[in-house]
Amino acid sequence: MSTITRRSRLHRKEHQAALVFVAIPVTGFLLFTLFPLLFSVYASFTNWNGISAPVFKGLDNYTKMFGDRYFLKSLWNTLYMMIGIPLGLVISLALALAMNRKMRGTTFFRTVYYLPVISSIAAVAILWQWAFNGDFGLINQGLGLLGIDGPNWLQDTATVKPALIIMAVWKGLGYSMLLYLAALQSVPRYLYEAAALDGASAWQQFRHITIPMVRPVTFFLIVTSIIGGSQIFVEINIMTPTGGPEFESASIVWYIWQKAFDNLQMGYASAMSVVLGLLVFTITFIQFRLNRRNQFSID
Amino acid sequence: MSAQNVMTSPPLEPTGIIPGREPGAGRGRNRRRGSTGQRSAKGGLRLGNILTTLILSAGAVIMVAPLAWTFSTSLKTKDGVFELPPQWIPDPFVWENYARIWAAGPLLSGIQNSLIVACSVTIVGSLTSALAAFAFAKMRMPFKNVLFLGLLSGLMIPFPTLMIPQFTIFASIGWVDTLLPLIVPGLFGNIIMIFFLRQFLNSVPDSIVEAARIDGASYLQIFWTLIMPAIRPALAAQFILWFMAVWNDYLAPIIYLNSPATQTLQLVIANFNAQYAIQTDYPLIMAASFIALLPVLIVFIVFQRQIIESIALSGSKG
């Protein structure tokens, strides 16, 4: 037997084994991602109640969407609630800077700030719903100490979105803080020492060293928060089960869910879900592209 | 797929410094140093630390207050909840609330269902993910990178886009109102985990796989005896994160599960919330919520270091 054939036989065996190993996730991908995706796109062009056969309607669902004031409202609500993203970034960077100091208790603080991140969003939504209770909630009791008469947060059109934003910032702070902390700790010290020698003030060092050095984390957090934020659902569903006062807190996923499983307008819901998918796809794609260029490569 | 809509971060190459791992190294930068003399700089440092600790403590109170309030409320009487000024320490302590909840709703079966889903998905799914990661990182195969990029593209599609067809598929085979739609997709592995383990395996030299091949070991043997031990820390961290994600999942269960007997814990407590709020039985709701938080809190406290490190690792180079 020549070396060449033995080698190719060995390779063939390796190929076969590798194929078996990757076949499982690839099958899962085909069954539970690719096929549903294609079906979603198809269903988005039909009138379909999920029970009888879909009837092809062309672009009807898509044109309907932009005249649907509830769709536009839920889209607007979803965007509005993303105000929490920059807020959370600023606070978590400040926290990370504070915890980056050489002092006692930072491990304890890290754990405490991380607790909300690991807590289930369902349980957190329930406890914040209670905290936002107009008469007996924790928030209004706290405001009462300052002599402020708090609103009935979740029933008031003016305060329902701020309430949800406050909760989201509280829940996500520990995560972004941790990433910032990891980034801060990998900034070489000599940069600050050199800057200090050149007479740079603390603010200048922060502005010209810290901010640029943590930029990849900032970018990553912005992109993933937008992806996560565009899919906000659980809080809305538990805290404001009817979409809030005058639909003020209905999010896009909440509306899709309601249309699909309550009103059985599966075709229309599919069209909205395709729009959401395109949005998330675009953002993720940008992230992967920029990441690949800056940080790592696939082989 | 429940694991996909809870993507915490695309795992990247494990580099960078881990918080808490290297005490002293790279920490505690003192920007005030250099401007004044050594002694006053030290004094400034101490004052700064005290101020920072105070601010961080105030923040910590805000982070913990809602959780503490939940626990405190769960031990109150129904009327104690509405007392003004609020009682932080319940008077009297009503430990019976924790006995009452088991009869008040299907909490026990909720825990069971959540355990069944989370354990089966993460145990089987981690194995299939690790096998695939091994093949993608260390084995030769035609179209390997095309397949890998294809899988990765799945990460860009949010679960809400897939949920309607997935529901239809599972409904057509009669799986709605069973745990199967929550379990089966997860058994096929988790793309994020494959990605992470594949990156991790890049630091394992190819030569050990080749040497084992020359010794006549099969690929499964190599996987068990060489690869699994090598990726254990990464696997453990990803496992815990995935477990918590499945345990905390809400959207997929609410789509598939209707009857109380099949519901997972998150649904059970959400129903408690809707049902008992009308009766203003807040202690009961809070006790149930606290029970739902407890398993993850325990897992977190036990594996705190691994969890925090893996988050810091997976995102730090983002």
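By convention here, each chain's residues receive numbers from 1 onward along its written sequence. Chains carry letters and ligands carry numbers; both start at the beginning, A for chains and 1 for ligands, and go up in the order they are written. The predicted nature of this model means local features are confined to residues of pLDDT at least 70 and side-chain atom pairs, given and counted, to a pLDDT of 80 or more, with totals for whole chains, interfaces and linings taken over all residues. No hydrogens and no water enter the side-chain calculation; it runs on all heavy atoms of the structure.

Residues and elements named next belong to chain B. The predicted model of chain B averages 82 in pLDDT, with 84% of residues at 70 or higher. Every residue in residues 1-39 is under pLDDT 50, and counting partners more than four places away or in other chains gives 93 contacts. Under the prediction, the complex receives an ipTM of 0.88, its pTM being 0.87. One number per residue, pLDDT, summarises how confident the predictor is, and it ranges from 0 to 100. By the convention used here, residues are in contact when the closest approach between their heavy atoms is within 4.5 Å.

Our focus in this paragraph is the environment of Asp-156 of chain A. All names here are of chain A. When you line up the elements, Asp-156 lands in the loop between α7 (138-145) and α8 (160-185). Since its relative accessible area comes to 29%, Asp-156 is described here as partly exposed. Separated by 108 residues in sequence, Asp-156 and Trp-48 have C-alpha atoms that sit 36 Å apart. Excluding residues that lie within four positions of it along the chain, Asp-156 makes contacts with Pro-151 and Pro-245. A run of H or I in DSSP counts as a helix once it spans at least four residues, and a run of E counts as a strand once it spans at least two, with each numbered from the N terminus. Buried residues are those whose accessible area, probed at 1.4 Å on protein chains only, stays under 20% of the maximum for their type, while exposed residues exceed 50% and partly exposed ones sit between those limits.

Residues and elements named next belong to chain B. A 1.4 Å probe that fits into a set of points on a 1 Å grid over the protein atoms alone but cannot get out defines a cavity; an open set with protein on both sides within 12 Å along at least five of seven lines defines a pocket, and lining residues are those with an atom within 4 Å of a point. Grid points are joined across faces, edges and corners, and a volume is the space filled by probe spheres set on the points. All chains considered together, the criterion is met by six cavities of 30 Å³ or more. Of the voids in this model, the second largest cavity is the one considered here, and its volume is about 80 Å³. For the lining of the second largest cavity, the secondary structure elements donating two or more residues are α3 (107-138), α9 (219-248) and α10 (251-256). Its residues assigned to classes, the lining of the second largest cavity comprises six nonpolar, four polar and one charged. Each residue gets one of three labels, nonpolar for Ala, Val, Leu, Ile, Met, Phe, Trp, Tyr, Cys and Pro, charged for Asp, Glu, Lys and Arg, and polar for the others, Gly among them.

Turning to helix α4 (residues 144-153) of chain B, a few remarks are in order. All of the buried residues in α4 of chain B are Lys-144, Phe-148, Leu-151 and Leu-152 of chain B. Summarising the axial view, the buried residues of α4 of chain B lie within an arc of 100°, below the 170-degree limit, and thus occupy one face. For this quantity, the arc is that covered by the directions from the helix axis to the C-beta atoms.

Side chains that differ in sign of charge can pair as their charged atoms come close. Note on definitions: salt bridges are taken to be side-chain nitrogens of Lys or Arg within 4 Å of carboxyl oxygens of Asp or Glu. A full pass over the atoms with the stated rule returns six salt bridges over all chains. Across the pair Glu-248 of chain A and Lys-161 of chain A runs a salt bridge, and its minimum N-O distance is 2.7 Å. Here Glu-248 of chain A is found in the loop between α12 (234-239) and α13 (252-262), whereas its partner Lys-161 of chain A is found in helix α8, with 87 residues between them in sequence. Like Lys-161 of chain A, Glu-248 of chain A is buried. Residue Asp-281 of chain B is joined to Arg-100 of chain B by a salt bridge in which the shortest nitrogen-to-oxygen separation is 3.2 Å. Of this pair, Asp-281 of chain B sits in the loop between α11 (265-278) and α12 (282-302) while Arg-100 of chain B sits in helix α2 (residues 96-104), and the two are 181 residues apart along the sequence. On the accessibility criterion, Arg-100 of chain B (37% relative accessible area) is partly exposed. Each of Lys-73, Lys-161 and Glu-248 of chain A takes part in one network of salt bridges that share partners.

The subject of this paragraph is the layout of surface pockets. Considering only enclosed or pocket space, the largest pocket measures out at about 680 Å³ in volume. Lining of the largest pocket is provided by 28 residues; of these, Trp-128 and Ile-139 of chain A together with Val-61, Ile-62 and Met-63 of chain B occupy positions nearest its centre. Elements represented by at least two residues in the lining of the largest pocket include exactly α4 (84-99), α6 (121-131), α7 and α8 of chain A together with α1 (38-74) of chain B. The greatest single-element share of the lining of the largest pocket, amounting to seven residues, is contributed by α1 of chain B. Counted by class, the lining of the largest pocket contains 25 nonpolar, three polar and no charged residues. A volume near 520 Å³ is recorded for the second largest pocket. In terms of lining residues, the second largest pocket is bounded by 27 residues, among which Gln-129, Gln-155, Ile-238, Met-239 and Pro-241 of chain A are the most central. Residue assignment for the lining of the second largest pocket shows that the elements contributing at least two residues are α6 and α12 of chain A together with α11 and α12 of chain B. At six residues, the largest contribution of residues to the lining of the second largest pocket is made by α11 of chain B. In terms of residue class, the lining of the second largest pocket is made up of 15 nonpolar, 11 polar and one charged.

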